[in-house]
Amino acid sequence: MPEMRLDKFLSGQLPKISRTGAKELLKKGLVTVDGVIVKKYDYKLDPEKSVVAVSGERVTYREHLYIMLNKPAGVVCAVRDKITPTVMELLPEELRRQGLFPAGRLDKDSVGFVLLTDDGELAHRMLSPVSHVPKKYFVRLEKPVSDSVCELFASGMTIDGGEKCLPAELEILSPKECFVTLHEGKFHQIKRMFEAAGNSVIYLKRIQIGGAILDEELDEGKARLLEENEIKSLISCKQIF
């Protein structure tokens, strides 16, 4: 891996630390590389091999962060918002770093799996219309759903405004509960699909993105790093197109 400047390493790995903040840490002699105090901000190191510590605490290098957040209702999928709380504000201090953003949307009143990352390339691949990465949702409805709606979803229905949807899978769990798997992300899509079928969504929870499944032990409003196998499964799930 190419060498990296020490101030860039620190600002990229420490929460809320800018390049200027990193230089201040260096000036104060708080940073060591392989056990030796370093004060030069342009000191070059191998980020994967060098042992960097701040005030004696090792700084583990991660090129990118991939975070699973269990979004509660009333929070928006945005980096910042002047009125409404955002998913970024739910992150604990140790998971915050510059450049993080929500990869994809989840409606304000919907809950469940939101991916936060600073890996723009992976997010682009995951969200690209040509990728058709599946996203699975648990849905609770106002009225019972019938097998005919399963066929309607599978056929690629047209919703309000004349938008044509890709085929979607609907699995009925009980008269008013089901799983829905989409391969695209139109605005309020599931709600609009059920409205077109004469029904209304009263609860919507995203439980899976690609092959990565929402951790059942992760409470609403909480977040954790994805494991390596979960990261790979985000875009490696077998597609139907």
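Details of the structure are given in the entry above.
The structure displayed is predicted, hence computed values, not measured ones.

Enquirer: For this particular structure, what's the right way to read the sheet that holds strand β3 (residues 36-37)?
Expert: Hydrogen bonds along the backbone pair up the strands of a sheet, which may run parallel or antiparallel. If you walk across this open sheet you meet the four strands as β3-β2-β5-β6, and the pairing is antiparallel. Looking along the sheet, the strands with just one partner apiece sit at the ends: β3 and β6 (57-58). Of the pairings in the sheet, the one linking strand β5 (residues 52-54) to β6 comprises two bridges and is antiparallel in character. Bridge pairing links Val54 to Glu57 in β6. Its contacts with the sheet put helix α1 (residues 6-13) on β2 (31-33) and β5, and the angle it makes with β5 is roughly 65°.

Enquirer: I would appreciate a short explanation of helix α2 (residues 19-27) in the present structure.
Expert: Within α2 the residues assigned to the buried category are Ala22, Leu25 and Leu26. Down the axis of α2, the sector holding all buried residues measures 100°, keeping them to one side. Turned more than 90 degrees away from the buried face of α2, the exposed residues are Thr20 and Lys27. For α2, the secondary structure elements touched by its buried residues are α1, β2 and β5. Phi turns positive, to about 75°, at Gly29, one or two residues after α2.

Enquirer: Could you clarify how one ought to interpret the nonpolar core in this entry?
Expert: The nonpolar side chains of a soluble globular protein tend to be buried, and buried together. Counting residues in hydrophobic clusters, the biggest one holds 34 residues, and the most contacted among them are Val139, Phe153, Leu170, Val180, Ile190 and Phe194. When residues no more than four places from it in sequence are discounted, the contact partners of Val180 are Lys135, Lys136, Tyr137, Val139, Phe153, Glu169, Leu170, Ile190 and Phe194. Grouped together as the second largest cluster of nonpolar side chains are 17 residues, Leu6, Leu10, Val33 and Tyr61 included.

Enquirer: What is the right way to look at the environment of Leu166 in this model?
Expert: Note on placement: Leu166 falls in the loop between β12 (163-164) and β13 (169-174). With 16 residues separating them along the chain, Leu166 and Leu182 place their C-alpha atoms 7.9 Å apart.

Enquirer: For this particular structure, what's the right way to read the packing of aromatic side chains?
Expert: Two aromatic rings are characterised by how far apart their centres lie and by the angle between their planes. Inspection of every chain in the model, using the stated rule, returns four aromatic pairs. Look at Phe138 and Tyr203: their rings are 6.1 Å apart centre to centre, the planes differ by 65°, and that puts the pair in the edge-to-face class. Of this pair, Phe138 sits in strand β10 (residues 135-141) while Tyr203 sits in strand β15 (residues 201-209), and the two are 65 residues apart along the sequence. By relative accessible area, Phe138 is classed as buried at 14%. Relative accessible area serves as the criterion here: at 26%, Tyr203 is assigned to the partly exposed category. When the ring of Phe153 is compared with that of Phe194, the centres are 4.9 Å apart and the planes differ by 55°; the resulting orientation is tilted. Note that Phe153 is positioned in helix α4 (residues 147-155) and Phe194 in helix α5 (residues 189-196), a separation of 41 residues in sequence.

Enquirer: Where do I start with the pattern of salt bridges in this structure?
Expert: Pairing between side chains becomes possible if they bear opposite charge and their charged atoms approach one another. Under the defined criterion, the tally for this structure stands at 13 salt bridges. Between Arg19 and Asp7 there is a salt bridge whose closest N-O contact spans 3.9 Å. One end of the pair, Arg19, is in helix α2; the other, Asp7, is in helix α1, with twelve residues separating them in the sequence. Exposure remark for Asp7: the relative accessible area of 0% places this residue in the buried category. When the shortest N-O distance is used, the salt bridge between Lys191 and Asp107 registers 3.7 Å. With Lys191 in helix α5 and Asp107 in the loop between β8 (101-102) and β9 (111-117), the pair connects residues that are 84 residues apart, well separated along the chain. With respect to class, Lys191 is no different from Asp107; both count as buried.

Rules behind the numbers
Residues numbered from 1 in each chain as written. Predicted model: local features only at pLDDT ≥ 70, side-chain atom pairs only at ≥ 80, totals over all residues. Heavy atoms only, no water. Pairing = 2+ DSSP bridges. Helix = DSSP H or I, 4+ residues; strand = E, 2+ residues; numbered from the N terminus. Contact = heavy atoms within 4.5 Å. Axes fitted to C-alpha atoms, helices over the stretch in contact; angles between N-to-C directions. Buried < 20%, exposed > 50% of the residue type's maximum accessible area, 1.4 Å probe, protein only. Arc of directions from axis to C-beta. Core = buried A, V, L, I, M, F, W, Y, C linked by side-chain atoms within 4.5 Å. Phe/Tyr/Trp six-rings, centres within 6.5 Å; stacked < 30°, edge-to-face > 60°. Salt bridge = Lys/Arg side-chain N within 4 Å of Asp/Glu carboxyl O.

Without other data, these values stay purely geometric and don't point to any function.
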